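Observations on chain architecture
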Amino acid sequence: MWGDTFTSFSSDDKVQEEYAEAIKELKEEARRMVLAEGSKADKLILIDTIERLGLGYQFEQEIEDQLRENFKFQSEDKDQNDCDLFTTALQFRLLRQHRYFVSCDVFNKFKGEDNKFEETLSSDAKGLLSLYEAANVRIHGEDVLEDAVAFTTDQLKRTVQQLEPVLQCQVKRALEQPLHRGVPRVEALYYISFYEMDESKNTILLKLAKLDFNYLQNLYKKELHDLSSLFYNVKVVERLNLISKLPYVRDRMVESYFWGMAFHFQPQYSYVRIAIGKILPMLTVMDDTYDNYATLEEADLFTEILERWDINEIDRLPDYMKIIYRFILNLYEDYEIEATKQGKLFAVPYAKRTMPTYEEYIVNTVVTSCIYVILLGIIPGIKSASKETIDWLMTEPKALIASTRVCRYADDVGSDEREGKGGTMPTAVDCYVKQYGASKEEAVDKFNELFEDAWKDLNTEWSTKTTSKDMMEELLNHARVAELTYKNGRDGYTNPQKYLAPQIVAFLFIQYSSDYIDICC
C-alpha cells in the first residue's frame, strides 16, 4: 500500500541542520525551566508536559534527579494529605513510570466510609483523568486501583461530551489508549495536538516539540528509504528476491519499521529500528510459510536445514524455500558484521539459536521465540547490552514472560479470524472453546482478562525490580506496540490499512509548523 513512497524519498541535510540548531537553542531555555525553583505540583506538571510532548529523552538526567528527590522526601511530606486528586495521581504515575515503587494507599483518602470513591469527585474531570492514567500502572493486589479504573472509566464516559475541547480530546484518547500502555512517540503526536489548543501552553516547549518531531520524522524517512532500497530495489533483488517471488507472504516492511520505532524512537537507536525493520519481515515470511503455505514435510525439512545453518544444504529445499533460506543467512551475515563492529560478537551464536522452529509454531510458543529473535537481533544497537544481559534474557525472566503474554493474548484475539480462515490448525481461541466448552465471546473475555493480568505482571517487574533499564524498556515497549497493533480484537499487522496506516501516515507525514493541525477528535 505504500508503493514507492519511501524509495523515492530524498533527505535534505540542510533542513536537518537548521532543525538541529533551532532545537539546541530552545533546549537550553527549556532546561532552565526544568531546573528553576517551583512548587511540587508545578514541577510535576512541567515534567509530565515535557515527557508527553516527546521531549523527555532530551532532559533525562534532569528529570531523573528531580523525581529521585521527590521520591526521597515523599514519605516525609507533611503536606501529602493536602494534595488534590490530580496532583496525587500525577505524582504516583510519574514515580511508578520511572521505576520508583510508591504505595497505592495514597488514594485511600479519596474514599468514603463505604470504601467507595467519593461521589464529589465526579465533577473533577481533570482529577479523574489523572487517576485513570495512574490506575493503569497498577499491579496485582491493588484493589484501590482496580476500583479506580472502574470508577473513573464510568465517570469519564458519562461526562466526556460536556467537557471543554482540550480536556475532552485528552479523555477520549485516554479511554481509547491509556498513556502508560501507549507507544510513546504516537502518544506525543496526539499530545502536541492537544497542547496546541491549550490556552495555558508554554510556547517554548510547544515549538521545541514540533521541531523535535519534524527532525526525527525526517530521520525515520531516511531510514525507511534505506530499508525500502534493501527490500524493493531491483539492483539488490537478486540477493534477496523476497517480495516478488513469495506472493503469499504479507509485505509489511513499513509496519515492521513502525514496531522498531516503538521500541526506540530516539535518534541514537537507528540500528535498533532498522534491525527490527528486517527481523519482523523475516519472521512474517516464516509465519506465513508455516501457517498457510508449506506442506508438513517441507516445514520439517526447512527446520532441519535451518538448524544446521549451512548454505551447502540449500539444494535440498524447494525453490521457494531457497529464497527464504538465503534471505535468513544474508540477514545474519550482516548481523555478524555489525555485531563485530560494535564489540558485541558474543551475541551472534545466541541470535542464531533463537530462530523459531516449526514445532514451536505448532505448540504456540512462537511469540516467546520471536521476542528472543527481536531482542537478540538488536543487541548490537544497545550500548549497555552485555553477555550478562543475554544470560539474563535466556533465563526467561518474569518480565520477558509478561511482555510476551501481553502480545500473545492480544495477538490470539486479533489474528483469530485470519488464522482460522485458511489454516488447518485450530486457533488459540478455538482451543479454549473446545477445552472449556465456552462460547467464542466467553473465550475472548477470558483472553482479555489474561491480557490485563499480564500487564500487571509487567508493571510489577518494571516498578519493583532493579533489572537493567534498557532491557526492561525493550520489554515494556514490546508490550506497548503489541497492544496498539492487536488491541480490541483487531489485527493491525495483517490489516494495516484499517488500523496502523492512519497512525503511520500521521506519524511520518505531518510536518509541524506554527499552524494548528488537528488529529485528535
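Residues numbered from 1 in each chain as written. Predicted model: local features only at pLDDT ≥ 70, side-chain atom pairs only at ≥ 80, totals over all residues. Heavy atoms only, no water.

In the annotation of an unreviewed UniProt entry, the protein chain is listed under the name Gamma-cadinene synthase and assigned to Sesamum calycinum. Within the UniProt record for the protein chain, the comment given under Cofactor (unreviewed entry) is "Mg(2+)". Here is the UniProt Pathway (unreviewed entry) comment for the protein chain, exactly as written: "Secondary metabolite biosynthesis; terpenoid biosynthesis." (UniProt positions renumbered as here; feature names shortened; annotations may be inferred.)

This part is about the nonpolar core. Ranked by size, the top nonpolar core spans 170 residues in total, and within it Phe-107, Met-282 and Phe-302 carry the most contacts. Contact partners of Phe-107, with chain neighbours within four places excluded, come to Thr-88, Ala-89, Phe-92, Phe-117, Leu-131, Ala-134, Val-144 and Leu-145. (Core = buried A, V, L, I, M, F, W, Y, C linked by side-chain atoms within 4.5 Å. Buried < 20%, exposed > 50% of the residue type's maximum accessible area, 1.4 Å probe, protein only. Contact = heavy atoms within 4.5 Å.)

Taken as a whole, this structure holds 23 aromatic pairs when the rule is applied. For the pair Phe-213 and Phe-507, a centre-to-centre distance of 6.0 Å together with 85° between the ring planes defines the contact as edge-to-face. In this pair, Phe-213 is assigned in helix α9 (residues 203-232) and Phe-507 in helix α24 (residues 500-509), connecting sequence segments 294 residues apart. For the residue pair Phe-213 and Phe-507, the accessibility class agrees, reading buried in each case. In textbook terms, an aromatic cluster arises when at least three aromatic residues are bridged by ring pairs, as seen for Phe-213, Tyr-220, Tyr-257, Phe-258 and Phe-507. The positively charged end of Lys-126 is found above the aromatic ring belonging to Phe-86, 4.8 Å away from the centroid. (Phe/Tyr/Trp six-rings, centres within 6.5 Å; stacked < 30°, edge-to-face > 60°. Helix = DSSP H or I, 4+ residues; strand = E, 2+ residues; numbered from the N terminus. Lys NZ or Arg CZ within 6 Å of the ring centre and 35° of its normal.)

Negative charge collects at one region of the surface, where Asp-12, Asp-13, Glu-17 and Glu-18 lie side by side. The topology assignment puts Asp-13 in helix α1 (residues 13-35). (Patch = residues over 30% accessible without salt bridge, like charges linked within 9 Å, V, L, I, M, F, W, Y side chains within 5 Å. Areas by Shrake-Rupley, 256 points an atom, 1.4 Å probe, with all protein chains shown as cover. Salt bridge = Lys/Arg side-chain N within 4 Å of Asp/Glu carboxyl O. Lys, Arg positive; Asp, Glu negative; His and termini not counted. Charge placed at Lys NZ, Arg CZ, Asp CG, Glu CD.)

Right, let's get into the pattern of salt bridges. Counted by the stated rule, this structure contains 33 salt bridges. The salt bridge involving Arg-52 is made with Asp-48; its shortest N-O contact spans 3.8 Å. Here Asp-48 and Arg-52 lie together in helix α2 (residues 40-52), a separation of four residues that amounts to about one turn. With respect to class, Arg-52 is no different from Asp-48; both count as buried. Here the salt bridges do not stand alone but share partners, grouping Arg-138, Glu-146, Arg-181, Glu-452, Asp-453, Lys-456, Glu-483 and Lys-487 into one network.

Take Glu-142: it is sitting in the loop between α5 (125-135) and α6 (143-159). Residue Glu-142 is classed as buried on the basis of its relative accessible area of 5%. Once residues lying within four places of it in the same chain are set aside, the contact partners of Glu-142 are Arg-96, Phe-101 and Cys-104.

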